[in-house]
Amino acid sequence: MSSIEDIVDSLENKISKVLHKLELLKLANLKLNEELDISKQEIKNQKTQIAGWEEKYEALKIANSILGSDDNKRETKLKINALIRDIDHCIAQLSD
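Since the structure is predicted, the reported quantities are computational estimates derived from the model, not experimental observations. Numbering of residues begins from 1 in every chain and follows the order in which that chain's sequence is written. Thresholds applied to this predicted model are a pLDDT of at least 70 for local features of residues and 80 or more for the giving and counting of side-chain atom pairs; totals over whole chains, interfaces and linings are not thresholded and use all residues. Only hydrogens and water are set aside; all other atoms, that is, all heavy atoms of the structure, feed into the side-chain values.

1. A word on the overall build of the protein
To qualify as a helix, a DSSP run of H or I must reach at least 4 residues; to qualify as a strand, a run of E must reach at least 2; elements of each kind are numbered from the N terminus. A tally of helices and strands in the protein yields two helices and zero strands. The size measure is the radius of gyration over C-alpha atoms, and the globule rule it meets is 2.2 Å times the number of residues to the 0.38 power. Taken against the 2.2 N^0.38 rule, which gives 12 Å for 96 residues, the C-alpha radius of gyration of the protein at 33 Å runs more than 25% over that of a compact globule. By principal-axis analysis of the C-alpha atoms, the protein measures approximately 100 × 40 × 15 Å. Per-residue burial for the protein yields a buried fraction of 4% across its 96 residues. The accessible surface values rely on the Shrake-Rupley method and a 1.4 Å probe; as for residues, cover is taken only from the protein chains in view. Only carbon and sulfur atoms are counted for the fraction: they give 60% of the accessible area of the protein, which is about 9,000 Å². Only protein chains enter the area calculation, which uses a 1.4 Å probe; residues under 20% of their type maximum are buried, those over 50% are exposed, and those in between are partly exposed.

What follows is the structure in structure tokens.
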């Protein structure tokens, strides 16, 4: 009978250890999920920031072209032509 009790005690100890490890893993998982959420938010903020910088860069390229920079004259002319077409389209709609 003593050996059965020893086996049961051993099983209880092993189950207790497994349950403890399970709790530790759950806590680690929660922590990792929180870190993941923070990282996702940081990435979202960085993407927004990148989009803002790209927009500023495009505006700067156009401004440099208008000021006489030869690098982006063609792009600037195309952009101005597109804006003129948009304005003409708006005027045509207003006159209808």
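We are not done yet, so read on.
2. Quick notes on the environment of glutamate 75
Within the secondary structure layout, glutamate 75 lies in helix α2 (residues 73-95). The class for glutamate 75 is partly exposed, based on a relative accessible area of 43%. Sequence-wise, glutamate 75 and lysine 47 are 28 residues apart; in three dimensions their C-alpha atoms are separated by 25 Å. Other than its neighbours up to four places away in sequence, glutamate 75 contacts Glu58 and Lys61. Contact criterion: two residues are considered in contact whenever any of their non-hydrogen atoms come within 4.5 Å of each other.

3. Overview of the pattern of salt bridges
Within this document, salt bridges are pairs made up of a side-chain nitrogen of Lys or Arg and a carboxyl oxygen of Asp or Glu, the two lying within 4 Å of each other. Enumeration over the complete set of coordinates arrives at one salt bridge. Lysine 61 is the salt-bridge partner of glutamate 58, the closest N and O atoms lying 3.5 Å from each other. Of this pair, glutamate 58 and lysine 61 both sit in helix α1 (residues 2-66), three residues apart, roughly one helical turn. A relative accessible area of 37% means that glutamate 58 is categorised as partly exposed. According to the relative accessible area criterion, lysine 61 is buried, its value standing at 14%.

4. Structural notes on the packing of α1 against α2
In contact at an axis separation of 9 Å, α1 and α2 are set at 100 degrees when each is read in the N-to-C sense. The orientation of α1 relative to α2 falls into the category roughly perpendicular. On α2, the residues that touch Glu58, Lys61, Ile62, Ser65 and Ile66 of α1 are Lys73, Glu75, Thr76 and Lys79. As a working rule, the residues Ala, Val, Leu, Ile, Met, Phe, Trp, Tyr, Cys and Pro are called nonpolar, Asp, Glu, Lys and Arg charged, and the rest polar, with Gly in that last group. The residue inventory of the contact of α1 with α2, partitioned by class, reads two nonpolar, two polar and five charged. Angles run from 0 to 180 degrees between N-to-C directions of axes, and those axes are lines fitted to C-alpha atoms, restricted for helices to the stretch in contact. For classification, angles of less than 35 degrees are called roughly parallel, those exceeding 145 degrees roughly antiparallel, those between 65 and 115 degrees roughly perpendicular, and all remaining angles oblique.

5. A closer look at a nonpolar patch on the surface
Patches draw on residues past 30% relative accessible area with no salt bridge. Two like charges within 9 Å are joined, as are two nonpolar side chains (Val, Leu, Ile, Met, Phe, Trp, Tyr) within 5 Å. Together, Ile7, Leu11, Ile15, Leu19 and Leu22 line one region of the surface with nonpolar side chains, adding up to about 470 Å² of accessible area. Within the secondary structure, isoleucine 7 is located in helix α1.

6. So, a negative patch on the surface
In this count, Lys and Arg are taken as positive residues and Asp and Glu as negative ones, while His and the chain termini are left out. For charged residues, the charge sits on one atom: NZ in Lys, CZ in Arg, CG in Asp, CD in Glu. On the surface, Glu5, Asp6, Asp9 and Glu12 cluster together to form a negatively charged patch. Looking at where aspartate 6 falls in the secondary structure, it is placed in helix α1. Take aspartate 6: its relative accessible area is 48%, and that puts it in the partly exposed class.

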